[in-house]
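Examining the three-dimensional arrangement
For reference, the chains in residue letters:
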Amino acid sequence: MKKVAKFGGSSLASAQQFKKVGSIIEADPARRFVVPSAPGKRYGSDTKVTDLLYACYDRAAEGKDFTELFDKIKERYYEIINGLGIALSLEEEFTNIRDQFEAQAGRDYAASRGEYLNGIVMAAFLGFDFIDAAEVICFDENGEFDAEKTDRMLKARLEGVEHAVIPGFYGSKTDGSIKTFSRGGSDVTGSIVAKAIMADEYENWTDVSGFLVADPRIIKDSKVIETITYRELRELSYMGATVLHEEAIFPVRKEGIPIHILNTNAPEEPGTLIVESTCRVPKYTITGIAGKKGFASISIDKDMMNSEIGFGRKVLQVFEENQIAFEHMPSGIDTMTVFVHQDEFEQKEQKIISGIHRAVHPDYMELESDLALIAVVGRGMRATRGTAGRIFSALAHARINVKMIDQGSSELNVIIGVKNDDFEEAIKAIYDIFVTTQI
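These numbers come from a predicted model, not from an experiment. (Residues numbered from 1 in each chain as written. Predicted model: local features only at pLDDT ≥ 70, side-chain atom pairs only at ≥ 80, totals over all residues. Heavy atoms only, no water.)

**Regarding helix α10 (residues 311-321)**
Of the residues making up α10, those classed as buried are Phe311, Val315, Val318 and Phe319. Buried residues of α10 fall within an arc of 95° about the axis and therefore sit on the same side. Of the exposed residues in α10, the ones pointing more than 90 degrees away from its buried face are Arg313, Glu320 and Glu321. Of the surrounding secondary structure, the elements contacted by the buried residues of α10 are β11 (288-301), β13 (335-341), α11 (342-347) and α12 (349-360). (Buried < 20%, exposed > 50% of the residue type's maximum accessible area, 1.4 Å probe, protein only. Helix = DSSP H or I, 4+ residues; strand = E, 2+ residues; numbered from the N terminus. Arc of directions from axis to C-beta. Contact = heavy atoms within 4.5 Å.)

Below, the structure is given as structure tokens:
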């Protein structure tokens, strides 16, 4: 068995957390490849090392003295090193980083040093080989991730390596300059490494005990999802559920490698298993609920719209020409409604309205703002009659007016539109009927 274990910033924020990680790795010999993030917050008001690095570099780029911030970063690492009782000096690394800051090597370089230094500490603590991600995670000259070259480089570098630490979040471009993934990108690195070594499982260790059915800020003590498919996760991630970086799915999905979300602070808990497909019967009809606020709708009415060839294309072309992406587009015989992000739409509102008038000559148009979209996702909905009816019933009982409902042909998800003010209550009502009471 081979496993890749990625540990998030909260899992590596202090020497105490490092020791927990060490115990987790020692408990399973299959955990041979480790991907660390930079140290996160030790307590609520603390600052993540990545944020300290950004702030420090920005001062350097402005030509200001950054010694105080730089010393804070050094203190964080030496606090961990001393707490672990390992003989390790990072002075040479810090000297080089300071020189690169003064030479203005770039914000990507600055941010990546959090993972780089933590990787060195982790390798020394575990007695594993350290492999700089800049040597094996490849981006092209335009900063686009090069999956094929990376896979080739990683396979060659890891061949014959029994245990290794590969820092997350960054790689290098063809000119050798450092390039980072978007925030949370250590998840992506772990997935890439898992694909390259054909791991049996990719473990993603964080500070929660798996993927929750609903946002815990809205639903107190929300249940944990035991098993979720990649498709379900994509739907929920797109709607704002944020346990895992959404791009981390793709490398392992191609190889059928499961992702296991686990809690560093409660390693005995089962967590959430993310798989390509499963015959496991879900505990509830739905797998999860997620949503976002801040949408606007543009409703277009025109008699005989359904017989006018190219009507939908012409409307969407207006949005495309104004660089506005649409989220959903429910339609009827003589009506169609386009949902867009309100903040983007407001800037070009009148231009788009006039563009639609010129393109399709509608009989009537109506705009509505301050809307929220909620996704109810679950493979169990396919085998359960009346799911949409139960959603309507729950929302009606909670006195919430539904602005839109849209169900895909896959029957994997139902999208509901409500007013922003009803967002939290709508999620509570749906959670209650499918999870709490299971009527």
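Alright, that's what it looks like, and here's the rest.
**A few points about the layout of surface pockets**
For the largest pocket, the calculated volume is near 1300 Å³. Taken together, the elements giving at least two residues each to the lining of the largest pocket come down to α7 (186-196), β7 (201-206), α8 (230-238), β11 and α14 (423-436). Looking at the lining of the largest pocket element by element, the count peaks at three residues for β11. Looking at the second largest pocket, the residues that line it are Phe145, Ala147, Glu148, Asp151, Phe181, Val188, Ile192, Lys195, Glu247, Phe250, Pro251 and Lys254. Residue composition of the lining of the second largest pocket, by class: seven nonpolar, no polar and five charged. (1 Å grid on protein atoms, 1.4 Å probe; cavity = no way out; pocket = protein on both sides within 12 Å on 5 of 7 lines; lining within 4 Å. Points joined across faces, edges and corners; volume = space filled by probe spheres on them. Nonpolar A, V, L, I, M, F, W, Y, C, P; charged D, E, K, R; others polar.)

**Focus: the packing of aromatic side chains**
Per the stated rule, a full pass over the model turns up 14 aromatic pairs. A ring pair is formed by phenylalanine 70 and phenylalanine 101, whose centres lie 6.2 Å apart and whose planes are at 75°; its orientation type is edge-to-face. Residue phenylalanine 70 is located in helix α3 (residues 67-84), and its partner phenylalanine 101 is located in helix α4 (residues 91-102); the two are separated by 31 residues in the primary sequence. By relative accessible area, which is 3% here, phenylalanine 70 ends up buried. For arginine 113, the ring lying beneath its charged end belongs to tyrosine 116, and the centroid distance is 4.3 Å. Here arginine 113 stacks its cationic end above the ring of tyrosine 170, 5.3 Å away from the centre of that ring. (Phe/Tyr/Trp six-rings, centres within 6.5 Å; stacked < 30°, edge-to-face > 60°. Lys NZ or Arg CZ within 6 Å of the ring centre and 35° of its normal.)

**Some thoughts on the pairing of strand β2 (residues 31-36)**
Residues in a regular strand project their side chains so that they alternate between the two faces of the sheet. Burial within β2 is extensive, with six of its six residues counted as buried. Sheet topology note: the strand β1 (residues 3-7)/β2 ladder contains five bridges and is parallel. The partner of lysine 6 across the bridge, within β2, is valine 35. Crossover connection from β1 via helix α1 (residues 15-26) to parallel β2: handedness right-handed. (Pairing = 2+ DSSP bridges. Right-handed = clockwise from strand over helix to strand, strands pointing away.)

**Concerning the pattern of salt bridges**
For the structure on display, the rule yields 25 salt bridges. For lysine 419, the salt bridge goes to glutamate 368, with nearest N and O atoms at 3.9 Å. Of the two residues, lysine 419 is situated in strand β16 (residues 413-419) and glutamate 368 in strand β14 (residues 364-377); the sequence distance between them amounts to 51 residues. Under the relative-accessibility criterion, lysine 419 is labelled partly exposed at 28%. Among the ionic pairs, lysine 428 bridges to glutamate 425, the shortest N-O distance being 3.5 Å. Here lysine 428 pairs with glutamate 425, and both are found in helix α14, just three residues apart, close to one helical turn. Judged by its relative accessible area of 42%, glutamate 425 is partly exposed. The network of salt bridges with shared partners includes Lys3, Asp28, Arg31 and Glu203. (Salt bridge = Lys/Arg side-chain N within 4 Å of Asp/Glu carboxyl O.)

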